[in-house]
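# Remarks on the overall topology
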Amino acid sequence: MSVIYKIAYLLFLSFVFLVSTGGEAVAGKYPATIEALQERYSDEINAHRKYNAYAKQACKEGYPNIAHLFKTLASSEAIHGRNFKNILKKLGAKPKADTHPIDSGSTRTNLKQAATVERDEIDTTYPTVLAKIKEENHQDAIHNITYAWKSEQQHRDLIVKLQKASSAFFGLLVKKIEGKESHFHVCQVCGSTLLEKTSEKCPICSHTGKYKEIPPLSEISCPVK
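So, a few notes on the structure that sits alongside this text. (Residues numbered from 1 in each chain as written. Predicted model: local features only at pLDDT ≥ 70, side-chain atom pairs only at ≥ 80, totals over all residues. Heavy atoms only, no water.)

### Observations concerning helix H3 (residues 64-90)
Taking 1.5 Å of rise per residue, 27 residues should cover 39 Å, and H3 covers 39 Å from first to last C-alpha, within 8% of that figure. H3 sits mainly inside the fold: 19 of its 27 residues count as buried. (Helix = DSSP H or I, 4+ residues; strand = E, 2+ residues; numbered from the N terminus. Expected span 1.5 Å × (residues − 1). Buried < 20%, exposed > 50% of the residue type's maximum accessible area, 1.4 Å probe, protein only.)

### Observations concerning the pattern of salt bridges
Going through the model one piece at a time under the given rule, you end up with 7 salt bridges. Arg-40 is the salt-bridge partner of Asp-43, the closest N and O atoms lying 2.3 Å from each other. Here Arg-40 and Asp-43 lie together in helix H2 (residues 31-60), a separation of 3 residues that amounts to about one turn. A relative accessible area of 33% means that Asp-43 is categorised as partly exposed. Its salt-bridge partner being Glu-121, residue Arg-40 comes within 4.0 Å of it at the nearest N-O pair. Remark: Glu-121 occurs in helix H4 (residues 107-133) and Arg-40 occurs in helix H2; sequence separation between them is 81 residues. The burial state of Arg-40 is the same as that of Glu-121; both residues are buried. Taken together, the salt bridges that share partners define one network made up of Arg-40, Asp-43, Glu-44 and Glu-121. (Salt bridge = Lys/Arg side-chain N within 4 Å of Asp/Glu carboxyl O.)

### A look at the environment of Ser-42
Assignment of secondary structure puts Ser-42 in helix H2. Under the relative-accessibility criterion, Ser-42 is labelled buried at 9%. Along the primary structure Ser-42 and Asp-98 are separated by 56 residues, whereas in three dimensions their C-alpha atoms are 5.8 Å apart. Ignoring anything within four residues of it in the chain, the contact list for Ser-42 reads Lys-96, Ala-97 and Asp-98. Polar contacts involving the side chain of Ser-42 include one to the main-chain amide nitrogen of Asp-98, which spans 3.0 Å. (Contact = heavy atoms within 4.5 Å. Polar contact = N/O pair within 3.5 Å; in protein donor to acceptor, adjacent residues only side chain to side chain.)

### Quick word on the sheet that holds strand E2 (residues 193-194)
Pairing is antiparallel in the open sheet, where 3 strands are placed in the order E2-E1-E3. Bordering the open sheet on either side are E2 and strand E3 (211-213), each of which pairs with just one other strand. Looking at chain direction, strand E1 (residues 185-187) and E2 are connected through 2 bridges and run antiparallel. The partner of His-185 across the bridge, within E2, is Leu-194. Across the face of the sheet, H3 comes into contact with E1 and E2 while running at roughly 5° to E1. (Pairing = 2+ DSSP bridges. Axes fitted to C-alpha atoms, helices over the stretch in contact; angles between N-to-C directions.)

### Describing the state of the cysteines
All told, the structure shown has 0 disulfides when counted by the stated rule. Cys-205 supplies the cysteine sulfur nearest to Cys-187, a cysteine that is in no disulfide, at a spacing of 3.7 Å. With a relative accessible area of 0%, Cys-187 lands in the buried category. This cysteine, Cys-202, is not joined by any disulfide, and Cys-190 carries the nearest cysteine sulfur, 3.6 Å off. Owing to a relative accessible area of 2%, Cys-202 belongs among the buried residues under this scheme. (Disulfide = S-S within 2.5 Å.)

### Quick word on the packing of aromatic side chains
On inspection of all chains with the given rule, the structure shows 3 aromatic pairs. Here Tyr-51 and Tyr-54 contribute two aromatic rings whose centre-to-centre distance is 6.1 Å and whose plane-to-plane angle is 80°, an arrangement assigned as edge-to-face. Here the residue Tyr-51 and the residue Tyr-54 both occupy positions in helix H2, the gap between them amounting to 3 residues, near one helical turn. For the residue pair Tyr-51 and Tyr-54, the accessibility class agrees, reading buried in each case. For the ring pair Tyr-54 and Phe-70, a centre distance of 5.3 Å and an interplane angle of 70° mean the geometry is edge-to-face. Separated by 16 residues along the polypeptide, Tyr-54 in helix H2 and Phe-70 in helix H3 bring together distant segments of the chain. Looking at Tyr-54, the relative accessible area reads 1%, which means it is buried. (Phe/Tyr/Trp six-rings, centres within 6.5 Å; stacked < 30°, edge-to-face > 60°.)

This is the structure we're talking about:
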């Protein structure tokens, strides 16, 4: 083995060592943040799966516009999960999602369940998480968890409008909703969800031009009864 080759090999080993120990050192500075991100990542993956299941159920019952809403929420949750996954990787942690069976009932029941879950996350889960990681002050994590929190508030507002009306007048609600075109736009940076596309800054992450319209489900992909 030549001297030059030996030196190059030793430099390579040193680089690998520094990268690996550097990741461990960074992770050691943010244990609470990593734990919170793992929990949030897992929850977002399950929320994505849940809303897709709810969309499928709405399709079966002949409610393509309600299915469109659930597909939009699933898209937003996927963006939150992606963001948390990327931060975990930067911190040297392996993202882990503990998936569980999805309990999907009727569309009426699913709207009520979704409203309850969103309310609990907004009022309890996210404030608790942000308080937990505040001292470690990892700004990227704080920003993205805050983005997800504010997006969930938008989700709740969209769902509650349907859920309240569906309590007693679900049939009338369905006729009103399914009788018009539905439009939903999701910010590809933070998951913000709007009814109208905006050329202005995203109200959550302040990025411009990052909204993508979620296409409605066609009669083929969501056949109406």
